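# Coordinate inspection notes
Here are the chains, one letter per residue:
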Amino acid sequence: MKHPYPFSAIVGQDEMRLAMVLTAIDPGIGGVLVFGDRGTGKSTAVRGLAGLLPKIRQVESCPVNSELPEDCPDWAEVRSTKIVTRPTPVVDLPLGATEDRVVGALDIERALTRGEKAFEAGLLARANRGYLYIDEVNLLEDHIVDLLLDVAQSGENLIEREGLSIRHPARFVLIGSGNPEEGELRPQLLDRFGLSVDVSSPETIDDRVEVIKRRSAYEADPEAFAKRWRAADGKLRRRILAARETLAEVEVTDDGLRDCAELCVALGSDGLRGELTLLRAAKALAAFEGDTSITRAHLRRVARPALRHRLRRDPLDEAGSGARVDRTVGELFGAFQTAAE
């Protein structure tokens with residue numbers, strides 16, 4: 001099997017890579033939406049993420065990746081109690097996938113050969129405790145979008161059909177990518193993504209040359225290229241694990257909470273999901289950088305991906321949503337400072 005392109009070898013796209021790292025530290029941040037032109041490394045980053053993420057412990061052969069034998073659903077009929085480690089699942093949801101393939105369905109083979117009603121797990125079961133990736137998410141069929149919204153809200157997949165009544169955990173980080181020229185995303189699904197980033201082709205000649213060099217080296221010998229970047233991926237993985245351990249200890253002051261609220265009010269974002277996501281992303285960033293409390297410096301870095309997709313459209317403002325966030329951050333927090341603010 002061809003080794004995925006190493007996550008650390010991606011040139012540029014700092015905001016996209018940081019967003020994915022933050023969700024690896026705190027999956028509760030929500031999903032990551034990546035919009036940009038073709039050939040800008042969106043799919044490459046997701047494939048590389050699978051090799052970067054720490055392994056999980058799970059019961060052998062459990063279709064929903066349960067960590068403990070007692071958590072395996074009865075319908076799975078898992079008899080093994082052996083605990084194994086495996087890569088964090090990163091599951092693709094193809095654009096034309098049927099509802100049965102996504103949620104699961106009656107196991108036709110067992111029904112025909114043994115006369116038994118048994119459940120065959122779908123993609124949502126495989127993605128539990130991992131990532132579900134949808135390329136061209138803006139072209140997803142409406143009924144699949146509705147299904148994903150329900151599961152994302154509850155963290156559980158419920159199937160009732162053909163005389164079956166099945167439920168299983170389905171907690172995953174949703175990553176969607178797409179080209180904005182091919183259609184917009186439904187607002188209900190857009191709001192479910194914790195972070196949103198825009199990617200574009202490298203602007204400097206040096207960066208474009210480096211992309212070509214690295215991609216050529218990877219295509220010539222994937223294994224050798226992966227080995228060259230193994231140390232960098234390993235270092236990043238250790239930082240993620242360390243950040244997970246210290247995340248709960250990161251202090252959030254009343255001033256930090258007020259900054260989050262004032263920024264969201266100034267931008268006119270609907271609801272409180274903006275504040276909550278902004279705060280969680282800032283905490284994850286602080287833990288990743290080894291800091292003990294969040295500062296305005298952390299809020300600055302995560303404000304754009306946490307809030308850009310939550311703004312109402314302003315027909316009198318020609319600036320993009322990201323520029324509006326940056327402008328408002330500057331107005332509230334003042335000029336950027338490199339030291340802790």
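Above this note sits the structure.
As a starting point, this report considers the structure included with it.

Rules used throughout
Residues numbered from 1 in each chain as written. Predicted model: local features only at pLDDT ≥ 70, side-chain atom pairs only at ≥ 80, totals over all residues. Heavy atoms only, no water. Helix = DSSP H or I, 4+ residues; strand = E, 2+ residues; numbered from the N terminus. Polar contact = N/O pair within 3.5 Å; in protein donor to acceptor, adjacent residues only side chain to side chain. Contact = heavy atoms within 4.5 Å. Core = buried A, V, L, I, M, F, W, Y, C linked by side-chain atoms within 4.5 Å. Buried < 20%, exposed > 50% of the residue type's maximum accessible area, 1.4 Å probe, protein only. Phe/Tyr/Trp six-rings, centres within 6.5 Å; stacked < 30°, edge-to-face > 60°. Pairing = 2+ DSSP bridges. Axes fitted to C-alpha atoms, helices over the stretch in contact; angles between N-to-C directions. Disulfide = S-S within 2.5 Å. Salt bridge = Lys/Arg side-chain N within 4 Å of Asp/Glu carboxyl O.

We now examine the side chain of Arg-310. With respect to the helices and strands, Arg-310 occurs in the loop between α13 (296-307) and α14 (321-333). A polar atom in the side chain of Arg-310 sits 3.0 Å from the backbone oxygen of Gly-194. In contact with Arg-310, not counting residues within four places along its chain, are Asp-191, Phe-193, Gly-194, Ser-269, Asp-270, Arg-273, Gly-274 and Thr-277.

Okay, the nonpolar core next. Counting residues in hydrophobic clusters, the biggest one holds 58 residues, and the most contacted among them are Phe-7, Met-20 and Leu-278. Here the element with the most residues in this core is helix α12 (residues 273-288); it accounts for nine residues. When near neighbours in sequence (up to four residues on either side) are disregarded, Met-20 contacts Phe-7, Val-32, Val-34, Ala-45, Val-46, Leu-49, Tyr-131 and Ile-175. With 36 residues, the next largest nonpolar core counts Val-59, Leu-148, Phe-172 and Phe-193 among its residues.

For the rest of this paragraph, the subject is the packing of aromatic side chains. The geometry of an aromatic ring pair is captured by two quantities: the separation of the ring centres and the angle between the planes. By the definition in use, this model includes four aromatic pairs. With a centroid separation of 5.1 Å and an interplanar angle of 75 degrees, the aromatic rings of Tyr-5 and Tyr-218 are classed as edge-to-face. With a gap of 213 residues between them, Tyr-5 in the segment before α1 (14-25) and Tyr-218 in helix α8 (residues 205-220) connect regions that are remote in the sequence. Pair check on accessibility: Tyr-5 and Tyr-218 agree, each one buried. Summarising the aromatic geometry, the rings of Tyr-5 and Phe-225 are spaced 5.3 Å apart at their centres and angled 35 degrees between planes, so their arrangement reads as tilted. Of this pair, Tyr-5 sits in the segment before α1 while Phe-225 sits in helix α9 (residues 222-228), placing them 220 residues apart in sequence. Classification of Tyr-5 by relative accessible area gives buried; the value is 8%.

Turning our eyes to something else, we now look at the sheet that holds strand β1 (residues 32-36). To summarise the sheet geometry, strands pair through backbone hydrogen bonds and adopt either a parallel or an antiparallel arrangement. Overall, parallel pairing links the five strands, which are arranged β4-β7-β10-β1-β11 in an open sheet. Strands with a single pairing partner mark the edges of an open sheet, and in this sheet they are β4 (90-92) and β11 (195-199). Strand after strand, the sheet turns through a mean of 20 degrees between neighbouring axes, direction not considered. The pairing of β4 with strand β7 (residues 130-135) spans three bridges and is parallel. Paired with Val-90 across the two strands is Tyr-131, which belongs to β7.

A word on the state of the cysteines. Such a bond, covalent and formed between the sulfur atoms of two cysteines, is termed a disulfide. If you walk through the whole model with that rule in mind, you get zero disulfides. The thiol of Cys-62 is not disulfide-bonded; the next cysteine sulfur, from Cys-72, is found 3.3 Å away. With relative accessibility at 4%, the residue Cys-62 sits in the buried group. The thiol of Cys-260 is unpaired, and the distance to the nearest cysteine sulfur, on Cys-264, comes to 6.8 Å. Taking the relative accessible area as the measure of exposure, Cys-260 reaches 3% and is therefore buried.

Under the defined criterion, the tally for this structure stands at 12 salt bridges. Close ionic contact of Arg-47 with Asp-92 constitutes a salt bridge, the shortest N to O distance being 3.1 Å. Highlighted residues: Arg-47 in helix α2 (residues 42-52) and Asp-92 in strand β4, separated in sequence by 45 residues. Given the relative accessible area of 36%, Asp-92 is considered partly exposed.

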